[in-house]
Amino acid sequence: MNRAASLPSHLAEMQQRVERAARELGLDFFETVFEVLDYKKLNEVASYGGFPTRYPHWRFGMEFEQLSKGHRYGLQKIYEMVINNNPAYAYLLESNAMVEQKLVMAHVLAHVDFFKNNYYFSKTNRKMIDTMANHATRVRRHIDRHGLEKVETFVDVCLSLDNMIDPLSPFIVRKTPPREEDAPAPEPKVIKLRAKAYMDKYVNPPEFLEAQRKRSEKTDERIGRTPEQPERDVLQFLIDHAPLERWERDILELVREEAYYYAPQMMTKIMNEGWASFFHSKLMTSRLVEASELIDYADANAGVLSTSSKQLNPYKLGVELYRHIEERWDKGRFGREWQECDDYEARRTWDRRLGMGRKKIFEVRALYNDVTFIDEFLTEDFCREQKLFNFGWNERASSWEIQSREFKQVKEKLLFQLTNFGHPFVYVEEANFENRGELLLRHRHEGHDLKVDWARDTLVNLERVWHRPVNLLTRVEGKGKLLRFDGHEHTDKSATYPEA
């Protein structure tokens, strides 16, 4: 079946031309199906997260209204939308000019190449269109049995918790615990390092043995507790242990499944958009743009890569960093010799003519996510060239202003915003806290306090799922604090916050 046949003939021919050019540049993508929609239908699909069918929920209507108003008042325009699926599905806006359709196709094919080849997408569901339709059927069935308001309210609760997952858990191989009769004998309480008798007191000094004993005691304390180790995937823990009705557990499971589908896209936003922008630029300028289209292309591309003093543009940062990497590896600006060179003129003119840039960026595309991408390749030279800075709100002046241009501070703040999508790390510590059947969670403090009002709202929704009081151990203004919600009121008290 020729899936391009659903397109008008001129767009089908254009797709074949763009695909041929993309493969010539080394892109490797799934079969991609393009559909042409008017702006209302495209806004509808966009409000569903790119899928043609989703379960009924008020937030989709809210998203549609916001997108429609933005388009009507000329505040925003959806140029492209693509679904990580096999085959991939993408949408073209009916009113786009031909050069825009060409640009969108090039951009989309680079996205699909990224979906197919980036490691963090390797565990995603490649039949998610079918899965989303199945989720919609399941939720509608629950609505028919239990009523719209009851089901929609519980969906609200689940969606408020959908960031409480462990995005890396699909890549962790969990060993099946041995059966009790096959289990090895327990290790001794204090594990000593092997040493000759005359060296034992030096290799295993008393303070070392005491530290080992305390560590063993902490491990023993957790045996028999649920969970035995702190659990980051809070949703899975609730699915396994919360006293939910069957329909509630089913909804929580499908919300969790969708959260894991979207997680790699959140983990690679800068890389993915940068990759698509890098290759649509290469394809358009070297192979696809006619002389008569050049100004229109430049105008559309400038809109994609425009920057703002108040918001990070992932397209711009990503594409510039890929260009920086390609230039460095083409000129050999890496390795020990480069790092140790402190002669400004030598660094400025450094060019070993290695020509390894294109190979390197394909390697980066395959193995990195945003955090590792920024951590390894955002250099001081790049920061200076791109004039990056931190900004913040000045209460006294009542305005946004630049706070720092110092490389280390800029990079640290950017990495902090990207780590865990900027969300706090929260773990399930115990399901029977103080032997009262209460749930205890712990916030891993990373130098920034939780927003207490948001934390309390989260506890309300967790209590709705757990059906018992829920506690959260955190640190506020340098002091340990235990937040608690019992289903009726919030309380908090001082508590000992464990050191790392």
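Everything discussed here concerns the structure shown above.
Residues numbered from 1 in each chain as written. Predicted model: local features only at pLDDT ≥ 70, side-chain atom pairs only at ≥ 80, totals over all residues. Heavy atoms only, no water.

**Quick notes on the sheet that holds strand β10 (residues 490-494)**
Move 1: One open sheet accounts for five strands, arranged β6-β7-β8-β9-β10; its pairing is mixed. The sheet is open, and its two edges are formed by β6 (425-433) and β10, each paired on a single side. Within this sheet the neighbouring strands show an average axis-to-axis angle of 25°, counted without direction.
Move 2: As paired strands, strand β9 (residues 479-485) and β10 are joined by five bridges and run antiparallel to one another. Bridged to Phe 485 within β10 is His 490.
Move 3: Strand contacts of helix α9 (residues 234-241): β6 and β7 (438-444), with the helix running at about 25° to β6, the strand carrying the most contacts.
Move 4: Its contacts with the sheet put helix α20 (residues 452-466) on β6, β7, β8 (470-476), β9 and β10, and the angle it makes with β8 is roughly 160°. (Pairing = 2+ DSSP bridges. Helix = DSSP H or I, 4+ residues; strand = E, 2+ residues; numbered from the N terminus. Axes fitted to C-alpha atoms, helices over the stretch in contact; angles between N-to-C directions. Contact = heavy atoms within 4.5 Å.)

**Things to note about the packing of aromatic side chains**
Move 1: Under the definition given, this model contains 23 aromatic pairs.
Move 2: Geometrically, the ring pair formed by Trp 329 and Phe 377 is edge-to-face, given 6.0 Å between the ring centres and 70° between the ring planes. Residue Trp 329 is located in helix α13 (residues 314-331), and its partner Phe 377 is located in helix α17 (residues 370-377); the two are separated by 48 residues in the primary sequence. No difference in accessibility class separates Trp 329 from Phe 377, as the two residues are buried. (Phe/Tyr/Trp six-rings, centres within 6.5 Å; stacked < 30°, edge-to-face > 60°. Buried < 20%, exposed > 50% of the residue type's maximum accessible area, 1.4 Å probe, protein only.)

**As for α9**
Move 1: Taken residue by residue, α9 has Val 234, Leu 235, Phe 237, Leu 238 and Ile 239 as its buried positions.
Move 2: Packed against the buried residues of α9 are α10 (246-267), β6, β7 and α20.

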